[in-house]
Amino acid sequence: MQKAIKPKSEARLLDENRAALKALRESGIVEIHDISTPSQIERFVKLQENGELTCRVWLRPDLSLGSSLKEQGLTMGLHPKTKQKDGWLRYGALKGYIDGIMGTHGALFFEPYSDQPENSGHWRHHTSDDPALKIGNMEKMYRLIKTGLEAGFVPNVHAIGDRGVAEMLNLYERLKNEGVDLSGFRVIHAQVIRPQDFPRFNALGVIAEVNPYHIADDMRWMEERIGHERCRGAYAFKSLLDNGATLSFGSDWPGTSAAEYHMHPKYLIYAAVTRKTLSGQPESGWFPEQRISVEEALRAYTINNARAAFEADIRGSLKKGKLADITVFDRNLMRISAAEILQTEVIMTIVDGKIVFEKR
């Protein structure tokens, strides 16, 4: 089947981008942090030049490209074509991976999966042709991050299992001990965390970029995979907040090889506040002690994301002098019941003072 599938034309890929941008503005999204390939970056440039870019784009190319980007004179904050500062389309962090995902039993754990006793997950981005670097050795990740830092890029690294998260925190701690400023460093997903690792996010100043809708989707099979006790540390946003961590909310849209995800903010906020499926189960929420407030969820979706992109001084909150990136809902999320969150709609999306979507 793969051999029979014809490559998509550039025209079709641009149309897919336009469809995605339409869905984003209708959902009130004013910026995306996108894991962009070089060809996708070219499409973003075309859309911007055509006046079709309706949300800001913070590009997150692969961690392995740090050296190449440096050679091209590109660094964080610069436009990929003009190489000038740009508020709409610019390079951000470099995206790395330490492990796989829960949906394929690939997330990295200290102990084996409950339903696959021979499997503890697997490493990603750590193999090397260098015989001195064994599979799973963190030295290659360290070198990739150092190369990226030399080019002016901070690392945002995918880590899902409890060992994946712990290994990344260990590596960040190593860098901090070397005098590296960890501002803007992120652990992406941070899905399962050991009790002793919760305080380390705040101690290191590392951002936890999390995906609340994963709760509503994954709770159906999480305990079967890793057992009840380890699930206490799964999507544990309240524990992160209680330990002083900064939460950055993202949708992980459109999803993974194992699942498709919602991108509309109402689904993420609902999941974080209730810890229920979209059908309202379980009645009290999955590990309800980890529920957070609507205000905390909104903060993670707005000002914290601006802070994660080093732009909290100009974006992320409604304040005189800041850029007019505004999402207008049809009701006050702070005053409605949790169940009603799913019925809310975005009625206007404003980016840089321009209305890019208005519900008719």
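See the structure above.
Here we summarise the structure given alongside this text. Treat the numbers as computed from the prediction; the structure is a model and nothing was measured.

Remarks on the pattern of salt bridges
- As enumerated under the stated definition, the model contains 33 salt bridges in all.
- Between K8 and E16 there is a salt bridge; the shortest N-O distance is 3.0 Å.
- Look at E16 and you get partly exposed, because its relative accessible area is 31%.
- K238 is paired through a salt bridge with D242; the nearest N and O atoms lie 2.9 Å apart. Separated by 4 residues within a single helix, K238 and D242 lie in helix α9 (residues 237–242), roughly one turn from each other.
- A network of salt bridges, in which partner residues are shared, links E31, R56, R90, E311, R315, D325 and D352.

Side note on the environment of N332
- Structurally, N332 can be placed in the loop between β9 (326–329) and β10 (346–351).
- We classify N332 as partly exposed; its relative accessible area is 34%.
- Spatially, the C-alpha atom of N332 lies 9.0 Å from that of T344, the residues being 12 residues apart in sequence.
- Reaching out from N332, the side chain makes a polar contact with the backbone nitrogen of M334 at a distance of 2.9 Å.

Here's the deal with the sheet that holds strand β3 (residues 89–91)
- Here we have 3 strands laid out as an open sheet, ordered β1-β2-β3, and parallel in their pairing. Bordering the open sheet on either side are β1 (31–34) and β3, each of which pairs with just one other strand. For this sheet, the mean angle separating the axes of adjacent strands, direction not counted, is 20°.
- Pairing analysis gives 4 bridges linking β1 to strand β2 (residues 56–59), with the strands arranged parallel.

Overview of the environment of G285
- By the element assignment, G285 lies in the loop between α10 (265–274) and α11 (294–301).
- Along the backbone, G285 and A271 are 14 residues apart, and their C-alpha atoms lie at a distance of 9.2 Å.
- Beyond its immediate chain neighbours, meaning those up to four positions away, G285 contacts T274, R275 and K276.

Some details on the packing of aromatic side chains
- Applying the stated criterion to the full structure yields 8 aromatic pairs.
- Ring centres of F109 and Y113 lie 5.3 Å apart, and the angle between their planes is 75°; this geometry places the pair in the edge-to-face category. Both residues of the pair, F109 and Y113, count as buried.
- Measuring from centroid to centroid gives 4.9 Å for W286 and F287, while their planes differ by 85°, and the two rings are edge-to-face. Taken as a pair, W286 and F287 share a single burial class, namely buried.
- Three or more aromatic residues joined by ring pairs make a cluster, and in this case those are Y235, W286 and F287.
- Just above the ring of W88 sits the side chain of R56; from NZ or CZ to the centre is 5.3 Å.

Quick notes on the packing of α10 against α11
- Contact geometry for α10 and α11: axes closest at 9 Å, N-to-C directions at 135°. In this view, α10 runs oblique relative to α11, as classed from their interaxial angle. Where α10 crosses over α11, the handedness of that crossing is right-handed. Seen from α10, the contacting residues are P265, L268, I269 and V273; seen from α11, they are V294, A297, L298 and Y301.
- Grouping the constituent residues of the contact of α10 with α11 by class yields 8 nonpolar, no polar and no charged.

Definitions and cut-offs
- Residues numbered from 1 in each chain as written.
- Predicted model: local features only at pLDDT ≥ 70, side-chain atom pairs only at ≥ 80, totals over all residues.
- Heavy atoms only, no water.
- Salt bridge = Lys/Arg side-chain N within 4 Å of Asp/Glu carboxyl O.
- Buried < 20%, exposed > 50% of the residue type's maximum accessible area, 1.4 Å probe, protein only.
- Helix = DSSP H or I, 4+ residues; strand = E, 2+ residues; numbered from the N terminus.
- Polar contact = N/O pair within 3.5 Å; in protein donor to acceptor, adjacent residues only side chain to side chain.
- Pairing = 2+ DSSP bridges.
- Axes fitted to C-alpha atoms, helices over the stretch in contact; angles between N-to-C directions.
- Contact = heavy atoms within 4.5 Å.
- Phe/Tyr/Trp six-rings, centres within 6.5 Å; stacked < 30°, edge-to-face > 60°.
- Lys NZ or Arg CZ within 6 Å of the ring centre and 35° of its normal.
- Parallel < 35°, antiparallel > 145°, perpendicular 65-115°, else oblique.
- Left-handed = near helix turned anticlockwise from the far one by under 90°.
- Nonpolar A, V, L, I, M, F, W, Y, C, P; charged D, E, K, R; others polar.

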